[in-house]
Structures are given as C-alpha cells and as structure tokens.
Amino acid sequence: MVVLKKKIKDEKFKNFICTYDIVFLSECWINNTCNIEIDDFVCKSIPLSRKKYKQGCGMYVMIRKILSPYVKIIDISYETLIWIRIAKELTGCESDYLIANLYIPPQNSSFYRIHNCDLFYELESQMIHYSAECPNIFVIGDLNARTANMNDYVQNDKLHDSILDRVGDLFTYVADEALSCRNNPDAGTNDYGTKLLNLCKSSGLRIINGRHPDGLSNDFTYSGPRGMSVIDYLLAKPINIEKVLKFITSNFTTYSDHAPIHVQFKTDFTMQCNDINSNLMDGEESQFFKWNKEFRDLCYNALLVNADDLSSTIANMDIASQDGMDLCINNFTQCLTNVTAPFFKQMPKVKAKLKRNSQNQRVNTDKPWFDQKCKELYANYCKKITYF
C-alpha cells in the first residue's frame, strides 16, 4: 500500500493514469486499510487476503465518474480476477462488454499454498458462465505466460465432408478459425504459456498481441533481471477483434517493470465537457496551460494514442460554411485540450492572506543518502528509459 500511495502522490504518475477512463493496477500490495481516492474517479481497492506473498497480489481499479453509471464491477475472485460490465448504452452494441482483468502469480508464489486453485481453469469456468448472457468477452492482464509464436487455435480443424454427412443431423460442428500469425518478439515459452494456449483453443479466445491491425502491440511487455518477455495479454474472440479500436504496448516507465497496456474499445458515447471556467469560484482567474518539460514524453505518447481522433476531426471538416469551420476548430481545440490538460493545465493561486498550514507544506521525503548526485543519476535514468 505504501508503494501505491507514493506513486499516486507522484504528479507525473497521477497525470499519466488520469488520461484514461478505466484503469487496472495489479500487484499493488494493498491491505484492508487502503483509502486512496482520486478526483473524478470512482476507485475500488482489492486488498491482499494475506499479508505475506512472495509475489504481490492486490489490485486497484479506477473508473471515471462520468462513466460510472455505465461501468460496474460485477465479480471479484481470489483478489486477482476482476470482472467489469460496460453497458450496451455505452458500447453502442446489442449487448454489453464484459472485461476480465486477471493477474496470475508465478508458479512458486505462496499464493497457491493459501488458495488451492488453478486460475486458468477459474477464468474458463467464469467465461462459460458469462458467455451465456454476453458474447462480447475480453480478457486483459499479467498472465505470466510466454507463448512464443505457437498456435492459439486448432490446426486443420475442419471435418471431412464424409464425416459431416454422418454427424450433421446430430449437432453443428464449428471449426476453429485460424487467424494471421502473431508477431511476437519473445521466443520463449513456459508452462503458463501452454495453459494459456490450451485455454484459447478450448474457449475460442485469441491472443491479440502482435495481431492488431495498427501494429502497435508487437512489443515486449516486461523487463526483468533475466531479460525481456511478453507476459501481458489482451484476449478476445475473432468476432470481437473489430471492437478493439486501439491496442498499444506503451513505452516502459520508471513506475513499473511492466509496460503500460493501452486498449481503446469501440463505443457510442461522446463526453460533453463543461467549460473550464464553469466551476470557478468568484474572484478566481481562469485556468491556463503552462509548458512543463518533465511531462513532454508522457504528453507525446498521449498525443500518439489520440492521433486518430484528432485526424478524424480534421477529415470531417465542413469547409462549405463558416459555421462548419468554426465547429471543426472548436472540436479540434476541445480534443487537443482533453489530451494535454492532465499534463499542463494549471489553476492560478487565489490571492488571499491565509496562514499556510504546516501539514500542507511540502515535506522532503528523500532518504539521507539520496544526494544531488543520486538525483542527477535518476534524472538521466528517466531520460534513457524514454529513449529505450
């Protein structure tokens, strides 16, 4: 919990995660006393059931308040598996989206001495239960599975016509659909990888990593002492891949040894943003934007993620009338504001003669040994990991 609280207090980290509408954080090491709240978000902590694990469990979910009427947590299992439902009023489809966020601890974790379970089996069982009411199921998370480029479907699954003639009256046989080859930079495999591939073959799910049309998910997701690997996945059935508009393995950051996974689903919902001055108190000045070099790379990544929205705004421009031009400029400005505001929007200080509470004063939390040389090395490290 101390680690998560410290990260939430970090302005860069907070600005980064607040650019998203739904956020899943895994391996948070939080307990029952966790009371972290973030403005404009409905937050749910899933604490550890035991204090000591070799590998951290505990999860944290953030849902933007404006979306909370349409997004609900419907089930939590073993503090590692969360199901959320996105209502069809938001998706624009005939049925809801069901998204499972799953963290599977490594095989040597003491988690399995406390919970005698197979999380792959649990996931499949719950998918069977939910698929009866909703066909739009997605799975995302750290599965600790390495699959190389092995098939996640059954090859040559079609039955011969002579066999189909015999069994056709008894049942309808649906052959496994073969998708394009995955572009996976990780050539390694492990036992969890075999379990994941078997899950895909039995459930009809497919690994979207390395297959998404935009080509921005073909990268390593984890960097550890033994090297780099792909262990964080997005799974979906072939019929639902078109509902994933964007799937991006983002750049590594200093906050985790896992790369952030960005997923944008197809929805039919337009957020109406209030004017930035509407909530100001009397006597306050309007908000403004101030460039901060420290947020440059984060803002750059956010602009890349939202590039399609900016381009579509220009592509749909109506140049036949002045009103059309004005509307396009307003829409483009609003879209650009939404992307950059979490990084650069500031509120001027209200001029008031108030004594500063000592508790509000910034406290230096650096360790005694963290001197100026350490700060310079850390700044250089942050710069290098961005280039990496």
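Given the structure is predicted, the values throughout are model-derived calculations rather than measurements.

## Some words on helix α7 (residues 191–203)
Logical step 1: Relative to the 18 Å expected for 13 residues at 1.5 Å per residue, α7 spans 18 Å between its end C-alpha atoms, a close match to the ideal helical length.
Logical step 2: Residues of α7 that are buried: Y192, G193, L196, L197, L199, C200 and S203. For α7, the buried positions fall inside an angular range of 155 degrees around the axis, keeping them on one side.
Logical step 3: In this structure, the buried side of α7 is in contact with α4 (111–114), α5 (119–131), β8 (206–207) and β11 (232–236).
Logical step 4: Directly beyond the C-terminal end of α7, a positive phi value near 90 degrees is found at G204.

## Structural notes on the sheet that holds strand β3 (residues 59–64)
Logical step 1: Spatially, β1-β3-β2 is the arrangement adopted by the three strands of the open sheet, whose pairing is antiparallel. Pairing within the sheet leaves two strands with one partner each, and these edge strands are β1 (22–25) and β2 (41–46). In this sheet, adjacent strand axes meet at a mean angle of 10 degrees when their direction is disregarded.
Logical step 2: With six bridges connecting them, β2 and β3 associate as antiparallel partners. Looking at β3, one finds that I46 is bridged to M59.

## Details of the state of the cysteines
Where two cysteines share a covalent bond between their sulfur atoms, that bond is called a disulfide.
Logical step 1: Overall, the coordinates contain zero disulfides when judged by the stated rule.
Logical step 2: In this structure C93 is a free cysteine whose sulfur lies 9.2 Å from that of C134, the closest cysteine sulfur available.
Logical step 3: What makes C93 partly exposed here is its relative accessible area of 23%.

## Structural notes on unusual backbone geometry
Logical step 1: The backbone phi angle of D40 is positive, close to 70 degrees, even though this residue is not glycine.
Logical step 2: Position of D40 relative to the elements: it lies in the loop between β1 and β2.
Logical step 3: Here D40 falls in the exposed class, since its relative accessible area comes to 52%.

Reading guide: rules and limits
- Residues numbered from 1 in each chain as written.
- Predicted model: local features only at pLDDT ≥ 70, side-chain atom pairs only at ≥ 80, totals over all residues.
- Heavy atoms only, no water.
- Helix = DSSP H or I, 4+ residues; strand = E, 2+ residues; numbered from the N terminus.
- Expected span 1.5 Å × (residues − 1).
- Buried < 20%, exposed > 50% of the residue type's maximum accessible area, 1.4 Å probe, protein only.
- Arc of directions from axis to C-beta.
- Contact = heavy atoms within 4.5 Å.
- Pairing = 2+ DSSP bridges.
- Axes fitted to C-alpha atoms, helices over the stretch in contact; angles between N-to-C directions.
- Disulfide = S-S within 2.5 Å.

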